[in-house]
Amino acid sequence: LRIPGVLALMVWGSILSAISLIAGIGYYAHTEVRAWENEDPKAHSDGEIQMLQILAYLVWGVGGVLVLLMCALRKRIQLAIGVVKEAAKSISAMPLLVAFPIFQCLGLLLFLLIWLVYSIHLASLGTLVPATIEMNDIAVTYRSFEYDEITYRAGWYFLFMFLWTSEFIMAMGEIIIAMSVAKWFFSRDKSEIGNSTVLDSITDSLIYHTGTAAFGSLIIAIITTIRIFLAYIQKRAKNSGSKVAQAVMCCLQCCMWCLEKFIKFVNKNAYIQTAIFATSFCKSAQNAFVLILRNAARVGTLTLVSEVVVIVGKLFICTITAGLSYFVIDHYLSEDLYSPVGPVIFILILSYFSGSMFMNVFTMAVGTILMCFIADEEMFDTEESYSSKGLRAWVDSNGERKIMPGGK
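Residues numbered from 1 in each chain as written. Predicted model: local features only at pLDDT ≥ 70, side-chain atom pairs only at ≥ 80, totals over all residues. Heavy atoms only, no water.

**A closer look at the packing of helix α5 (residues 149-185) against helix α6 (residues 195-208)**
Formally: Every axis in this analysis is a line fitted to C-alpha atoms, fitted for helices over the stretch in contact. Angles between the N-to-C directions lie between 0 and 180 degrees. Working definition: helices are DSSP H or I runs of at least four residues, strands are E runs of at least two. Numbering for both runs from the N terminus. What sets the label is the angle itself: under 35 degrees gives roughly parallel, over 145 gives roughly antiparallel, 65 to 115 gives roughly perpendicular, and the rest give oblique. Left-handed is the label given to a crossing in which the near helix is rotated counterclockwise from the far helix by less than a right angle, and right-handed is the label when the rotation is clockwise. Contact definition: two residues touch when any of their heavy atoms are within 4.5 Å. Any residue that is not Ala, Val, Leu, Ile, Met, Phe, Trp, Tyr, Cys, Pro, Asp, Glu, Lys or Arg is counted as polar, Gly included; the first ten are nonpolar and the last four charged.
Across the interface, α5 lies against α6 with an axial gap of 9 Å and an inter-helix angle of 130°. In terms of orientation, α5 lies oblique with respect to α6. The two elements α5 and α6 meet at a crossing, and its hand is right-handed. Across the interface between the two elements, Met-172, Ile-175, Ile-176, Met-179, Ser-180 and Lys-183 from α5 touch Thr-197, Val-198, Asp-200, Ser-201, Ile-202, Asp-204, Ser-205 and Leu-206 from α6. Residues belonging to the contact of α5 with α6 are distributed by class as follows: seven nonpolar, four polar and three charged.

**Details of the pairing of strand β2 (residues 138-146)**
Our working rule: Here, any two strands with at least 2 DSSP bridges between them count as paired.
Where strand β1 (residues 127-135) and β2 come together, nine bridges link them in antiparallel fashion. Within β2, the residue paired with Leu-128 across the bridge is Phe-145. Hairpin connection between β1 and β2: a loop of two residues separates the two successive antiparallel strands, and Asn-136 in this loop has a positive phi of roughly 55°.

**Remarks on the pattern of salt bridges**
Quick note on the threshold: What makes a salt bridge here is a side-chain nitrogen of Lys or Arg within 4 Å of a carboxyl oxygen of Asp or Glu, nothing more. Buried, partly exposed and exposed residues are distinguished by accessible area as a fraction of the type maximum, computed with a 1.4 Å probe on protein chains only: under 20%, between the cut-offs, and over 50%, respectively.
Throughout the structure, instances matching the rule amount to seven salt bridges. Across the pair Glu-260 and Arg-227 runs a salt bridge, and its minimum N-O distance is 2.7 Å. Taken together, the positions of Glu-260 in helix α8 (residues 243-277) and Arg-227 in helix α7 (residues 210-240) put the pair 33 residues apart, joining distant regions of the chain. The exposure class of Glu-260 is buried, given its relative accessible area of 6%.

**Some points on the packing of aromatic side chains**
In plain terms, the rule: Note on ring pairs: Phe, Tyr and Trp rings are taken, using the six-membered ring of Trp, and paired if centres are within 6.5 Å. Classes follow the plane angle, with under 30 degrees stacked, over 60 edge-to-face and the rest tilted. In this scheme, the term charge over a ring applies when either NZ of a lysine or CZ of an arginine sits within 6 Å of the ring centre and within 35 degrees of the ring normal.
Counted according to the given criterion, the structure contains 13 aromatic pairs. Aromatic side chains Tyr-157 and Phe-158 sit 6.3 Å apart centroid to centroid with 75° between the ring planes, which places their arrangement in the edge-to-face category. Residues Tyr-352 and Phe-353 carry aromatic rings whose centres are separated by 5.7 Å and whose planes lie at 75° to one another, so their mutual orientation is edge-to-face. When its relative accessible area of 38% is taken as the criterion, Tyr-352 is described as partly exposed. Given a relative accessible area of 53%, Phe-353 falls into the exposed group. One cation-aromatic arrangement involves Arg-188 over Tyr-386; the distance from NZ or CZ to the ring centre is 3.7 Å.

**A short note on the side chain of Gln-53**
Test applied: N or O atoms within 3.5 Å of each other form a polar contact, as long as, within protein, one can give a hydrogen and the other can take it, and as long as residues adjacent in sequence are counted only when both atoms are side-chain atoms.
One can find Gln-53 in helix α2 (residues 46-72). According to the relative accessible area criterion, Gln-53 is buried, its value standing at 11%. A polar contact of 3.3 Å, which involves the side chain of Gln-53, links it to the side chain of His-30.

**Considerations on the environment of Ala-99**
Secondary-structure assignment places Ala-99 in the loop between α3 (74-93) and α4 (100-123). A relative accessible area of 25% places Ala-99 in the partly exposed class. Linking Ala-99 and Phe-358, residues 259 residues apart in sequence, is a C-alpha distance of 7.8 Å.

**Side note on the environment of Ala-178**
If you trace the backbone, Ala-178 turns up in helix α5. Linking Ala-178 and Met-94, residues 84 residues apart in sequence, is a C-alpha distance of 12 Å. Residues in contact with Ala-178, not counting those within four places in the same chain, are Tyr-271, Ile-272, Ala-275, Met-364 and Thr-368.

**Remarks on the confidence of the model for the protein chain**
Test applied: Known as pLDDT, the predictor's per-residue confidence is scaled from 0 to 100.
The share of residues in the protein chain with pLDDT of 70 or more is 91%, and the mean pLDDT across the chain is 82. The least confident element of the protein chain, judged by mean pLDDT, is helix α12 (residues 389-397) at 63; the most confident is α6 at 93. Within the model, the stretch residues 403-408 combines pLDDT values under 50 with eight contacts to residues more than four positions away or in other chains.

Now the structure itself:
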């Protein structure tokens, strides 16, 4: 990403390709309308032809809106490209961040092993009850577990603790990554930043910010538990055959899903604020929300650009991994396997999830750089700015620097 022109080509190429694809779909629909009108005998009604023509106009309209947005947001897209470049620099200065998801997975695995032991013991507290069902006039006897009310509630408690702890581990990881990148950004001499900075961030986060991570993860765990409980009720409503109940539960699930995504977005930015200013969770969430509202266009375009980079990164990881695995299997294991397709697909799935974990580090670094840049822009004059010369030059050349009260 630090090679000149690569990131800009990737981002602008993706945007222009999307617009071209939309225009092509509109053109194809328009040509189909002309073909349908000239059919003899006609195979499509006038209503179908009119609907397809309206669809073509709508697709072209969407393409036109995207072109206008691209023109209006071109400077902010350029700023987002500069921020992504800075994020790549910060990660290259602290290589330990790349391996950080491995430590998170190990921590989650350790907790999962302990949780499974206690869950199995809890599941064994049920009472075996024989039951009989008839299948094709044949009586089939089976045994099932029945649990009392205390055990039933303990099961929900264990589920909630799993959700809370797993979210807490992820939250601590986000705070540590954000703190490491923030220390890199607000350092005058960036040559002093390295893997030791990540270790210092781990220590500071564990001492000062575990409460922030616990509170933020608690909110997510509560919402997720409610979603699981709604899914349980939704299943019972489906078995009852009530269409009204199913529709109501489906709407509630949709609302809770949207709420969960929103809270995760706010939590992520709250953790970044905590890493920068060492404020409490509620104060950080409030500041993050206000900052996002003040810089909605910047945050939106940065999200677009970072998603493009993340998608391309995941595709690159999956393609390289699958290609290498196919080469190795085909050359060294072809006689022992009927076909290499199955193992390659399995490796492809694993590489996708592995790539997603590592690209999440990059996404967190990008968001942290933007928050640091905005904070630096609002708190310091140009001469006192902590932004690197490359980022300042990039911003100035694209006219994206804001002049804040008291700023120069």
